[in-house]
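# Analysis of the macromolecular model
Here are the chains, one letter per residue:
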4 protein chains.
Amino acid sequence: MTMLNNVLEQWKGIPGFDNEFFKYLEMGTYNHEKKILTMTMVVPQELCNVLSTLHGGAMATLVDVVSSIAIIASDPERMPPSVSVDLSVSYAATAPVGEKITIESTVLKIGKNLAFTDTAIYNNHNKIVCKGSHTKFIHRKAAL
Amino acid sequence: MTMLNNVLEQWKGIPGFDNEFFKYLEMGTYNHEKKILTMTMVVPQELCNVLSTLHGGAMATLVDVVSSIAIIASDPERMPPSVSVDLSVSYAATAPVGEKITIESTVLKIGKNLAFTDTAIYNNHNKIVCKGSHTKFIHRKAAL
Amino acid sequence: MTMLNNVLEQWKGIPGFDNEFFKYLEMGTYNHEKKILTMTMVVPQELCNVLSTLHGGAMATLVDVVSSIAIIASDPERMPPSVSVDLSVSYAATAPVGEKITIESTVLKIGKNLAFTDTAIYNNHNKIVCKGSHTKFIHRKAAL
Amino acid sequence: MTMLNNVLEQWKGIPGFDNEFFKYLEMGTYNHEKKILTMTMVVPQELCNVLSTLHGGAMATLVDVVSSIAIIASDPERMPPSVSVDLSVSYAATAPVGEKITIESTVLKIGKNLAFTDTAIYNNHNKIVCKGSHTKFIHRKAAL
């Protein structure tokens, strides 16, 4: 995890939309064999809607961000940059401000050009909050 | 649009994740017959990724937020609250910081329980940046 | 599983698009606690594309059909009819004709109005072929 | 359209899942400038569910098949083969057996590696039945 933590620390220093999430996210565990990354977050007011529950757009962004880190985690020294192709999220329940949620992202497959991921967000009773899929295109350098 | 603008002005006063987008969004036009709402935004650094292009999670949030307003716009005085069921986004191109983008959201159908919307984001050359779908559940009061 | 098998046997007798899949599907196991249904199929030529691999539309239909059975399986005597709201599928690999695949569908949540499911198709080496999500609306009778 | 019709006629001769749809589909129009292909179909019992309305899996397959033809139509002589990456469908209404439906597929973008499409199915009153998105990976030959 050292390499991955270094990558994250570098990212945390860069202002922008990612950082609005990184500053609340805590690294959990990474299972190399199953390619599953977990991170946790206490839902902050800043990422909530007017009902003080985690905003649907913030959930979509967590699916995006945590699965992107999971892709890097699978090979932090050599993974090329990747860009989003498709993202989809199903919203099963709400997560109120102050609740500790767990974001669990699984890399289903990393191919030559595409990476497929599957992400679930659970509340602190281990109930599903949302489920998302994120497909990314990997910018590998041409074989020169 | 007066009623809709009033609704938006009220929302803009409420701190939270919506407001991180409302403060950059400008109301465009609303076509009542076709149920199409357009809003515009100059891409701010705050919603960008490390490459200084609009973050994929921010695009997903724009699909969520603008389609939610489009649903309200179809009947701003009587539309009940709604919650997200499914959101999906396909990413076709990037939108760099400073670019003026147009978010165009169409309400495909508002049924008794569900609302279906379709949203496109265009860059300032009218090229597609992303395309999204957002399905919401409408909390109508039980017939008492 | 007796009640569920009875439901399936009835369905198998009804001509239509479902039956083009039911006739190839074999019931696997159902885990009541985790709400996971598995079914298997040997990929038939009839459901293949011109490259003799399982057609993407057939995979989408398997996600639809098997998750619908999983919803019924959670309460086969009392589950009301449900209709599709949103379906999404990510295609990670191909499954050639003659390959035995496993379709594993998990009911993530059954609420008052909506059911959320998550489905994976694996090949006979337990590698992921596709991953899908299917949200359904449940037609519960009004409380009379 | 001659080249496109020739391609379709060849495909119609190949048994398989595609052909279960091609045999009911009629070529409509193709707008080269807007990259919009329309095809029509009278909903056959064979593609219906037990309620005698067009099956959700059949709708997903129509989104897949017609958008794939639309990609080819954009350059029928030179378009390389493509494979599905992500497909998503939102179901807004039913289409009963015997109804004439129109499938309208728009190629949003064809890039170096990925093609993005958007497809709507309308009933014979021009009301939306479903809306789908289909992203494909294009197998271009390496630059030799």
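A brief structural summary. (Residues numbered from 1 in each chain as written. Chains lettered and ligands numbered in written order. Predicted model: local features only at pLDDT ≥ 70, side-chain atom pairs only at ≥ 80, totals over all residues. Heavy atoms only, no water.)

Attention now moves to the interface of chain B and chain D. Each partner contributes to the interface: chain B provides 13 residues, whereas chain D provides 13 residues. Interface of chain B and chain D: buried area, both sides summed, is about 1000 Å²; carbon and sulfur atoms make up 59% of it. K131 of chain B serves as the salt-bridge partner of D118 of chain D, at 3.3 Å between the closest nitrogen and oxygen. Taken together, the links from chain B to chain D amount to seven residue pairs in polar contact (both at pLDDT 80 or more). Going through the elements one at a time, strand 3 (82-91), strand 4 (100-110), strand 5 (114-122) and strand 6 (128-138) of chain B are the ones with two or more residues in the side of chain B that touches chain D. Ranked by residue count, the leading element in the side of chain B that touches chain D is strand 6 of chain B, at four residues. Of the residues belonging to the side of chain B that touches chain D, the class tally is six nonpolar, four polar and three charged. (Contact = heavy atoms within 4.5 Å. Buried area = accessible area lost by both parts, 1.4 Å probe. Salt bridge = Lys/Arg side-chain N within 4 Å of Asp/Glu carboxyl O. Polar contact = N/O pair within 3.5 Å; in protein donor to acceptor, adjacent residues only side chain to side chain. Helix = DSSP H or I, 4+ residues; strand = E, 2+ residues; numbered from the N terminus. Nonpolar A, V, L, I, M, F, W, Y, C, P; charged D, E, K, R; others polar.)

This paragraph deals with the relation of the copies chain B and chain D. Rotating chain B by 180 degrees about the axis while translating it 0.0 Å along that axis superimposes it on chain D, leaving an RMSD of 0.0 Å. Such a combination of turn and shift is consistent with a two-fold rotation axis. For chain B, the minimum C-alpha distance to the rotation axis belongs to S88 of chain B and amounts to 3.8 Å. An overlap of 100% is found between the interface residues of chain B and their copies at the interface of chain D, pointing to a shared contact surface. (Least-squares fit on C-alpha atoms with pLDDT ≥ 70 in both.)

Our focus in this paragraph is the relation of the copies chain A and chain B. Two chain copies here: they are related by a rotation about an axis and a translation along the same axis. Superposition of chain A onto chain B requires a rotation of 180 degrees combined with a translation of 0.0 Å along the rotation axis, giving an RMSD of 0.0 Å. Most of the interface of chain A is mirrored in chain B, where 100% of its interface residues are also at the interface.

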